[in-house]
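# What the coordinates show
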Amino acid sequence: MGFRLPGIRRASVPATQVASKSIEVPKGYLAVYVGEEMRRFVIPISYLNHSSFQELLSQAEEEFGYEHPMGGLTIPCREDVFLDITSSLNRL
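On a predicted model such as this, the values are computed, not experimentally measured, just so you know. (Residues numbered from 1 in each chain as written. Predicted model: local features only at pLDDT ≥ 70, side-chain atom pairs only at ≥ 80, totals over all residues. Heavy atoms only, no water.)

## Some points on the nonpolar core
- Counting residues in hydrophobic clusters, the biggest one holds 14 residues, and the most contacted among them are Val32, Val34, Ile43, Phe53, Leu56, Ile75 and Phe82.
- Within the residue set of this core, elements represented by two or more residues are β2 (29-34), β3 (39-44), α1 (51-64), β4 (73-75) and α2 (79-90).
- Leaving out residues up to four positions away in the same chain, Val34 has contacts with Arg39, Phe41, Ile75, Cys77, Arg78, Glu79 and Phe82. (Core = buried A, V, L, I, M, F, W, Y, C linked by side-chain atoms within 4.5 Å. Buried < 20%, exposed > 50% of the residue type's maximum accessible area, 1.4 Å probe, protein only. Helix = DSSP H or I, 4+ residues; strand = E, 2+ residues; numbered from the N terminus. Contact = heavy atoms within 4.5 Å.)

Shown next as structure tokens:
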């Protein structure tokens, strides 16, 4: 049993099935891969404007440059840290 954060969606498709046309990302959202298991999350693009999320983007650029192993945006942090940050963004 889990909980759902408003504004963030966890994809039901395994991260190994990256960027196929059958995996749709709604307009206004972005798919990111997070954590050791590279779980896929679909987040609102409005998160990109927040300084806490921009720090995650800087870490991603530092670690991967523009070559992300999953073919999409990979965030190099633990899943629980990512969920804490996005949870705080939902409260704004």
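Having put the structure on the table, let's press on.
## Topic: the packing of aromatic side chains
- Enumeration according to the criterion identifies three aromatic pairs in this entry.
- Residues Tyr47 and Phe53 carry aromatic rings whose centres are separated by 6.2 Å and whose planes lie at 55° to one another, so their mutual orientation is tilted. Here the two residues Tyr47 and Phe53 agree in accessibility, since each one is buried.
- Site record: aromatic cluster; members linked through ring pairs are Phe41, Tyr47, Phe53 and Phe82. (Phe/Tyr/Trp six-rings, centres within 6.5 Å; stacked < 30°, edge-to-face > 60°.)

## Structural notes on the environment of Glu24
- Topologically, Glu24 is positioned in the loop between β1 (9-10) and β2.
- On the accessibility criterion, Glu24 (61% relative accessible area) is exposed.
- It is 9.8 Å that separates the C-alpha atoms of Glu24 and Val42, two residues lying 18 residues apart in sequence.

## Considering the pattern of salt bridges
- All told, the structure shown has three salt bridges when counted by the stated rule.
- One salt bridge in this structure joins Glu37 and Arg39, with 2.5 Å as the shortest N-O distance.
- Residue Arg39 is classed as partly exposed on the basis of its relative accessible area, which comes to 28%.
- Asp80 is paired through a salt bridge with Arg78; the nearest N and O atoms lie 3.0 Å apart.
- Taking the relative accessible area as the measure of exposure, Arg78 reaches 55% and is therefore exposed.
- Through salt bridges with shared partners, a single ionic network connects Glu37, Arg39 and Glu79. (Salt bridge = Lys/Arg side-chain N within 4 Å of Asp/Glu carboxyl O.)

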